[in-house]
Structures are given as structure tokens and as C-alpha cells.
There are 2 protein chains.
Amino acid sequence: MRRFGLDKRLAADTTRIMRLGLCDLRLMDEARWPWLILVPQRLDIAEIHELSPHDQTMLTFEMTATAEALKRATGCLKINTGALGNIVRQLHVHVIARSEGDPGWPGPVWGFGQRIGLDEGERERLCEAVRAVM
Amino acid sequence: MRRFGLDKRLAADTTRIMRLGLCDLRLMDEARWPWLILVPQRLDIAEIHELSPHDQTMLTFEMTATAEALKRATGCLKINTGALGNIVRQLHVHVIARSEGDPGWPGPVWGFGQRIGLDEGERERLCEAVRAVM
């Protein structure tokens, strides 16, 4: 039986925060904005509408729980969510904390400038801050 | 009692395709990619997680029905969805048809170049094509 495996590019760019019921909740290695990624643990799914209705509902609740936790953990003004997947086809959902005055505000984060990596301490602090309020 | 009203910028940039159970389904005036917008008919909601759990589930099903219809109507390769709202705060969800070779592929549509408006015939044809498969 084939087992779910995380896409190599997602694995390289993210760190696991915790496992939820459906998704792996991960932190993007990005210092400009707190950026979380949800990856449903399902084989060969590229689109939200390819998930079963039950999994779609699970994903919705995990997305909203993640958004609320991220807002509490960061005090951000606005959550941005998206599922693009034009390059990395394995379904993954972005949940990003935005605030007035962040680099690029009020524009979108996708395609904006160059990624700046987190240092080890900041990565651990962000993971812990999200875990504490999930 | 205050009644729901569509944000003026969304009204200016979009045309109604049809009313769904929760959302107004609208076509963005954009010729570069078929671009739909779902607007939940709820007052003072800026984030998906501010909707009731029932409305969140409704939104999920309307998003996936819209994505499947858009894929059937256009034959696109990939659906891109997002809820940003950094400028227009009224909650609205983007559902966009992407294909290899479209302007900007495989980058994101948000923040990319200048919008090109649809002509009247193309607008009507797209609305009808989506209605026919919803």
C-alpha cells in the first residue's frame, strides 16, 4: 500500500508544528510574515474539491482553528489564506498573518520579493506560540 | 435592521452570475484568467473563521461546487483559491482558473500586472458557461 509522503519542496521549506486530525500543520521558513501551511494527509490530491466531503469539512475546521490560533499568537490584523499549487501540486493551504506595515502590506505575499529565512530561535518560538493556543 | 450590502469596489469590478445558498457568485471583470468571486451574504464578516460553523461548512461546499463548475466550464489545469481582504475587508473568496501558458503562469494572479477588462460578449459567455454547469 502506498503511504502519504510530504512533497520534498514543502519538506525543505517548512517545519512541523503539530499533527491535526486531517492535516500536518507546518511553519514556513519565512521571517517577513508568520506563515503556516496545512497539508491534508491524503494521497494524490491536488484540489480541495478532490477531497471527500467529510475531509473538506475537516479541512475547513482545521483552517479556521489555525487562523484563530495564528491571530491569537501574533496579534495580526488580517489573515490571508490560499490554495494555489501551480508549482507544488500536493494540496497545501497557506494561512498567513498580515499586519499594517509588514513588508508588502497591503499586497499579497505570493510572488512578493525574496524569502528571508527564520533563525533557529525565532522558528522555535513561533512553533511554540502556535502550539500554545491551538 | 441593517441589511447586507455588497462592498462598492467588489460591485464595480464584478458581475453577478447567480445566488447560491450562502454566497453571491460573481464574475471578476478580468480577461487574463476566468476569475470568480464568492461573497457570503453576512454582515460585518472579514474572516472565514468569523462565520458560524454552519456557514463555514456552507462556504466550503459552495467553494468546491464553484471550483468544479469553473474547471468544467473552462477546461483549466489548476484552480487557485484565496481569501485575502487586506484592502476590501468584506469577506470574499477568489476562485480562479489557471492553465499552463496563461499570462503569469505558474505565478500567483494577485499583484500580477494590470487587469484587462472583459468585453460584453465574453462576460456574458463566461457567466452562461458557469451557470450551465453549477
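Scroll up a little and you will see the structure.
The structure displayed is predicted, hence computed values, not measured ones. (Residues numbered from 1 in each chain as written. Chains lettered and ligands numbered in written order. Predicted model: local features only at pLDDT ≥ 70, side-chain atom pairs only at ≥ 80, totals over all residues. Heavy atoms only, no water.)

### A word on the overall build of chain A
Right, on to step 1. Along the backbone of chain A there are 3 helices and 5 strands.
Right, on to step 2. For 134 residues, the compact-globule estimate of 2.2 N^0.38 gives 14 Å, and the C-alpha radius of gyration of chain A, at 14 Å, lies within 12% of that figure.
Right, on to step 3. If you line up chain A on its principal axes, its C-alpha atoms span 45 × 30 × 25 Å.
Right, on to step 4. The buried share of chain A, taken over its 134 residues, is 52%.
Right, on to step 5. Pairs at least 24 apart in sequence give 57% of the contacts found in chain A among residues at least 6 apart.
Right, on to step 6. For chain A, the exposed area adds up to about 6100 Å²; of that, 53% sits on carbon and sulfur atoms.
Right, on to step 7. Treating the 18 positive side-chain charges of chain A as one cloud and the 18 negative ones as another, the clouds have centres 3 Å apart. (Helix = DSSP H or I, 4+ residues; strand = E, 2+ residues; numbered from the N terminus. Rg over C-alpha atoms; globule rule 2.2 N^0.38 Å. Buried < 20%, exposed > 50% of the residue type's maximum accessible area, 1.4 Å probe, protein only. Contact = heavy atoms within 4.5 Å. Areas by Shrake-Rupley, 256 points an atom, 1.4 Å probe, with all protein chains shown as cover. Lys, Arg positive; Asp, Glu negative; His and termini not counted. Charge placed at Lys NZ, Arg CZ, Asp CG, Glu CD.)

### A word on the interface of chain B and chain A
As a measure of interface size, the accessible area lost when the parts come together is often cited.
Right, on to step 1. The partner chain A presents 32 residues to the 32 residues of chain B that form the contact.
Right, on to step 2. Each partner contributes to the roughly 2800 Å² buried at the junction of chain B and chain A, and carbon and sulfur atoms together form 56% of this total.
Right, on to step 3. The largest contributions to the chain B side of the interface with chain A come from His49, Lys78 and Asn86 of chain B, which together make up 22% of the buried area.
Right, on to step 4. Applying the counting criterion to the chain B and chain A interface returns 4 salt bridges. (Buried area = accessible area lost by both parts, 1.4 Å probe. Salt bridge = Lys/Arg side-chain N within 4 Å of Asp/Glu carboxyl O.)

### Brief notes about the side chain of Asn80 of chain A
Right, on to step 1. Counting through the fold element by element, Asn80 of chain A comes out in strand β4 (residues 78–83).
Right, on to step 2. On the accessibility criterion, Asn80 of chain A (0% relative accessible area) is buried.
Right, on to step 3. A distance of 3.2 Å separates polar atoms of two side chains, one belonging to Asn80 of chain A and the other to Arg98 of chain A.
Right, on to step 4. Looking at Asn80 of chain A, its side chain comes within polar contact range of the main-chain oxygen of Leu84 of chain B, at 3.2 Å.
Right, on to step 5. Residue contacts for Asn80 of chain A: discarding those within four places in its chain leaves His94, Val95, Ile96 and Arg98 of chain A together with Ala83, Leu84 and Asn86 of chain B. (Polar contact = N/O pair within 3.5 Å; in protein donor to acceptor, adjacent residues only side chain to side chain.)

### So, helix α3 (residues 120–133) of chain A
Residue and element names in this part refer to chain A.
Right, on to step 1. If you check α3, its first and last C-alpha atoms are 21 Å apart, about what 14 residues at 1.5 Å a residue would give, namely 20 Å.
Right, on to step 2. Three or more residues of α3 are buried, namely Arg123, Leu126, Cys127 and Val130. Along the axis of α3, the buried positions cluster into a sector of 100°, meaning they face one direction only.
Right, on to step 3. Where α3 is buried, its residues contact β1 (14–19), β2 (23–28), β3 (35–40) and α2 (53–74). (Expected span 1.5 Å × (residues − 1). Arc of directions from axis to C-beta.)

### Focus on the relation of the copies chain B and chain A
Right, on to step 1. Its rotation angle being 180°, the transformation that places chain B on chain A also includes 0.0 Å of axial translation and leaves an RMSD of 0.0 Å. Interpreted geometrically, this transformation is the action of a two-fold axis. It is Gly82 of chain B whose C-alpha, among those of chain B, lies nearest the rotation axis, at 1.9 Å. (Least-squares fit on C-alpha atoms with pLDDT ≥ 70 in both.)

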